[in-house]
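Residues per chain are reported as follows:
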Amino acid sequence: MANTRLDSDERRKAIVTAAVPLFARTGFAGTTTKELAEAAGISEALLFRHFPSKKHLYGEILRLGCEGDPALERLAALQPSTATLVYMTRFMVRYFLLGAGVDRAELDTRLRLVLHSFLDDGEYARELFDHVFERVHPLFAASIEAATIAGDLKPGPIASANRFWFGQHIAAMVAFTGLTGRSVVPYDGKAAELVDEASWFILRGIGMRDAAIAAVLAEGAQCPFQSAAG
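Conventions adopted
- Residues numbered from 1 in each chain as written.
- Predicted model: local features only at pLDDT ≥ 70, side-chain atom pairs only at ≥ 80, totals over all residues.
- Heavy atoms only, no water.
- Helix = DSSP H or I, 4+ residues; strand = E, 2+ residues; numbered from the N terminus.
- Buried < 20%, exposed > 50% of the residue type's maximum accessible area, 1.4 Å probe, protein only.
- Contact = heavy atoms within 4.5 Å.
- Polar contact = N/O pair within 3.5 Å; in protein donor to acceptor, adjacent residues only side chain to side chain.
- Core = buried A, V, L, I, M, F, W, Y, C linked by side-chain atoms within 4.5 Å.
- Patch = residues over 30% accessible without salt bridge, like charges linked within 9 Å, V, L, I, M, F, W, Y side chains within 5 Å.
- Areas by Shrake-Rupley, 256 points an atom, 1.4 Å probe, with all protein chains shown as cover.
- Salt bridge = Lys/Arg side-chain N within 4 Å of Asp/Glu carboxyl O.
- Phe/Tyr/Trp six-rings, centres within 6.5 Å; stacked < 30°, edge-to-face > 60°.

All right, on to the overall build of the protein chain then. Along the protein chain, the regular secondary structure elements total twelve helices and zero strands. Helices and strands in the protein chain line up, N terminus first, as α-α-α-α-α-α-α-α-α-α-α-α. Relative to its 230 residues, the protein chain shows a buried fraction of 41%. Considering only contacts in the protein chain between residues 6 or more positions apart, those separated by 24 or more positions represent 71%.

Moving on, we get to the side chain of Thr31. Residue placement: Thr31 occurs in the loop between helix H1 (8-26) and helix H2 (33-40). At 2.7 Å, the side chain of Thr31 and the side chain of Thr26 are in polar contact. Sequence-distant contacts of Thr31, that is, excluding residues within four places in its chain, are made with Leu22, Phe23, Thr26, Leu36 and Lys54.

So, about the nonpolar core. Soluble globular proteins tend to pack their nonpolar side chains together in the buried interior. Ranked by size, the top nonpolar core spans 41 residues in total, and within it Phe23, Leu57, Ile61, Val93, Phe96, Leu113 and Tyr124 carry the most contacts. Here this core gets eight residues from one element, more than from any other, and that element is H1.

In this section: a nonpolar patch on the surface. Where nonpolar side chains cluster on the molecular surface, the patch consists of Val184, Val185 and Tyr187 and spans about 250 Å² of accessible area. One can find Val184 in the loop between helix H9 (160-176) and helix H10 (191-205).

To continue, consider the packing of aromatic side chains. Per the stated rule, a full pass over the model turns up nine aromatic pairs. Judged by centre distance (5.9 Å) and plane angle (15 degrees), the ring pair of Phe133 and Trp165 falls under stacked. Within this pair, whereas Phe133 is found in helix H8 (residues 123-149), its partner Trp165 is found in helix H9, the two being separated by 32 residues in sequence. Aromatic pair Phe164 and Trp165: ring centres 5.0 Å apart, planes at 75 degrees, arrangement edge-to-face. With respect to class, Phe164 is no different from Trp165; both count as buried. Joined through ring pairs, the aromatic side chains of Phe118, Phe129, Phe133, Phe140, Phe164 and Trp165 make up one cluster.

This is the structure in C-alpha cells:
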C-alpha cells in the first residue's frame, strides 16, 4: 500500500481518479470494492471510510467532474431568450459530438459510465441527470417561455422538461454511436455538419421557427460560447 499521507479531500480525489477508469471499463456492478481499493492504493476499510456506498462515490465523481466548469458558469449568467435557447442547444450538441471544452478521452469515459449505469442499477445515471436538470433546465424552460412570447417558438403540448430531455437524447445517442472510434451509424456528412443538422433538428423539434434559428446563428459571433462551441 502507498505510504503517502493525504488529507481527506486529496484522498477522495485520488480514489475517484482511480475509480472512474475501472467503472468505465467494467461497469459499476462489475467493479468490486477490493479492485477500487487496490487501484487507489488503500485498504477497503479506508475506502469505506471515505465512501460508505457506491452512491456516495457517484456523487463525488459528478461533483469533481462539474467543479469549476467555465462553460456552465457562462451558461448560468445568460438571460432567458430565443438566442439563449439556440446557444444552449448548439453548445450541447457540440459538446457531445466534438467534445467542445473537454478532453475527448474524458468525455468518452463519461459516456461509457452512463452506458454501464443503464445496464446496471441506473443509480449513477439518475444522479447525473438529476444534477444536469437542476442546473440547466430552469434557464432552458425560461428561454422556452421567452421565445414563445417573442413569437419565435410555436406553443405546443410538450412539457419543457421533455423538450429538454428529447433534445439531450438526440445529441447523446449520436455520441454513443462513435464510442468505438468510428461511428456504427453511416451518417451522411462530417462531424461539424452533423452538429449543424442535429442542432436544427432539435430546435425545430421543440417548436422554434426557422427564421428565428437562422437569425440567431447569423449573429453567432456574439455567442458566449463562441470560443468553444463555434
